[in-house]
Amino acid sequence: MPSATAVAHPNIALCKYWGKRDRALNLPAVGSLSLTLAPFSTTTTVEWGADADELVLNGRVGTPEESRKVFALLDLVDSWRPKVRVLSENDFPTAAGLASSSSGFAALVLAACKAAGQERSVEQLSVLARRGSGSASRSLFGGWSEWKVGERPDGMDSYAFELAPQDHWDVRMIVAIFDAGPKGTSSRDGMLHTQETSPYYPAWVASTPRDLAEARLAIRGRDLGALGAIMERSALRMHACMMAADPPVLYWKSGSVWAQETVRALRDRGIACAWTMDAGPNVKVLCAAADADEVSARLSRVADVVHVLEPGGPARLVG
Ligand code: DP6
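Because the structure is a prediction, the values reported are computed rather than measured.

Engineer: Can you walk me through the pattern of salt bridges in this structure?
Structural biologist: Once their charged atoms are close, side chains differing in charge can pair, the charge on each being opposite to the other. Tallied over the entire structure, the rule returns 18 salt bridges. Note that D170 and R172 form a salt bridge whose closest N and O atoms lie 3.0 Å from each other. Given the relative accessible area of 52%, D170 is considered exposed. Classification of R172 by relative accessible area gives buried; the value is 18%. In this structure, the salt-bridge partner of R267 is E232, at a minimum N-O distance of 2.8 Å.

Right, dumping it as structure tokens:
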């Protein structure tokens, strides 16, 4: 039976994806930009030919919803596919405040296309990963990557590409965890509800091209002050937009605000750092590698758990 194994790292967006222009094709309303993070990773093995479709996630049978998403994606890889067995393991806690779907779908498409004997470009793999989960389109790449909003109705020009490799800039992303429980509203539901009901949604969409253009320059110039201002602005505008939805989508907890205040206090003391938040209360702080010990020590005072992550490499086949 042909089989293949792939490893991918999760990514955190610095310029956020929030909103879809096509739900069926999972096309974004805005471009986004992210940093892929190690050492956390997902390892996925796909056995192309089995008695029945079977998904095992972190040692347990996948839920019906998880299985539906995974096998729908494999139908896109090959609509005439055989039954397939998928084994996927995250080496980081599922409650680590990181989107395991980004690394999960990136590893899945890479392993599945290899097991199916398909030669696909990394752009084609990114398009496929996007169909599983938008943020996964970016986890095919190491370091700094951008997911293009695209223009084509078929979505074939909406894929990610590498802006700068893993070793471009020695930074750290520190994840401060306040709430390890499952999230109340999934990103998918939260963003669809936001675009349907938030009066701020058109302004959010209109604000994003400038953020992307400025973030590309800040990354190229390794300018943490400039990038930090853009990433906080992007996160705040995304959250402001969802807080204005009806009823509101509110992921913040008191700890989220304490961590943001900690970041501002560190900046007042001359340490360049900036925060971002996704569809949950946990806060992720970007800083120079040399400042990581101090930043994580400060965040440890307000958070339950702190993880220090570094730029990771691209998704890769390991078997
Ligand atoms: C806030 O990629 O999980 O993390 O495409 O519906 O699966 P779907 O959404 P998903 O959304 C991620 C939203 C975010 C911002 C980001 O990663 O850009």
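Engineer: Looking at this structure, I do not really get the site of the ligand. What am I missing?
Structural biologist: Around the ligand, the surrounding shell holds 15 residues, and the nearest of these are Y17, K20, S133, G134 and R188. Interatomic distance of 2.8 Å between a side-chain N/O atom of R138 and an oxygen atom of the ligand. Here S187 contributes a side-chain N or O atom positioned 3.3 Å from an oxygen atom of the ligand. Alone, the ligand offers 460 Å² of accessible surface; in the complex the protein occludes 93% of this. The element that contributes the greatest number of residues to the shell around the ligand is helix α4 (residues 187-197), accounting for three residues. Considering only residue class, the shell around the ligand consists of five nonpolar, five polar and five charged.

Engineer: Sorry, what's going on with the side chain of R81 here?
Structural biologist: As for its position among the elements, R81 is in the loop between α1 (64-77) and β9 (84-90). Among the polar contacts made by the side chain of R81, one reaches the side chain of D53 at a distance of 2.9 Å. Within polar-contact distance, the side chain of R81 engages the side chain of D75 at 2.8 Å.

Engineer: Would you mind showing me how to read the layout of surface pockets here?
Structural biologist: Empty space left among the atoms is revealed by rolling a probe the size of a water molecule over them. Considered as a void within the structure, the second largest pocket measures approximately 180 Å³ in volume. What lines the second largest pocket is simply R23, A24, L25, N26, R68, K69, A72, L73, L76, R131, G132 and R188. Those elements that provide at least two residues to the lining of the second largest pocket are α1 and α3 (122-132). Grouping the constituent residues of the lining of the second largest pocket by class yields five nonpolar, two polar and five charged.

Engineer: Sorry, what's going on with helix α6 (residues 224-243) here?
Structural biologist: Owing to its 3.6 residues per turn, the α-helix aligns residues three or four sequence positions apart on the same side. Look at α6: 28 Å from first C-alpha to last across 20 residues, which is about the 28 Å you get at 1.5 Å a residue. Where α6 begins, the side chain of D223 points an oxygen toward the backbone nitrogen of G225, at a separation of 3.2 Å.

Engineer: Would you take a moment to explain the packing of α1 against α3 for this structure?
Structural biologist: Each pair of packed helices can be described by the angle between their axes along with the distance between the axes. Two elements in contact, α1 and α3, have axes separated by 9 Å at closest approach and are oriented at 150°. What the angle tells us is that α1 and α3 run roughly antiparallel. Where α1 crosses over α3, the two elements pack in a sense that is right-handed. Contacts from L73, L76 and V77 in α1 reach L128, R131 and G132 in α3. Taken together, the residues of the contact of α1 with α3 break down into four nonpolar, one polar and one charged.

Engineer: Hey, could you run me through unusual backbone geometry in this one?
Structural biologist: The general pattern is negative phi for most residues beyond glycine and trans for most peptide bonds. The omega torsion of the bond from A38 to P39 falls at 5°, within 30 degrees of zero and hence cis. Inspection of the secondary structure assignment puts P39 in the loop between β5 (32-38) and β6 (42-48). The omega angle of the peptide bond from D246 to P247 is -5°, so this bond is cis rather than trans. Take P247: it is sitting in the loop between α6 and α7 (254-268). A positive phi angle is found at N26, which is not glycine, with a value near 50°. We classify N26 as buried; its relative accessible area is 4%.

Criteria and thresholds
Residues numbered from 1 in each chain as written. Predicted model: local features only at pLDDT ≥ 70, side-chain atom pairs only at ≥ 80, totals over all residues. Heavy atoms only, no water. Salt bridge = Lys/Arg side-chain N within 4 Å of Asp/Glu carboxyl O. Buried < 20%, exposed > 50% of the residue type's maximum accessible area, 1.4 Å probe, protein only. Near = heavy atom within 4 Å. Polar contact = N/O pair within 3.5 Å; in protein donor to acceptor, adjacent residues only side chain to side chain. Areas by Shrake-Rupley, 256 points an atom, 1.4 Å probe, with all protein chains shown as cover. Helix = DSSP H or I, 4+ residues; strand = E, 2+ residues; numbered from the N terminus. Nonpolar A, V, L, I, M, F, W, Y, C, P; charged D, E, K, R; others polar. 1 Å grid on protein atoms, 1.4 Å probe; cavity = no way out; pocket = protein on both sides within 12 Å on 5 of 7 lines; lining within 4 Å. Points joined across faces, edges and corners; volume = space filled by probe spheres on them. Expected span 1.5 Å × (residues − 1). Axes fitted to C-alpha atoms, helices over the stretch in contact; angles between N-to-C directions. Parallel < 35°, antiparallel > 145°, perpendicular 65-115°, else oblique. Left-handed = near helix turned anticlockwise from the far one by under 90°. Contact = heavy atoms within 4.5 Å.

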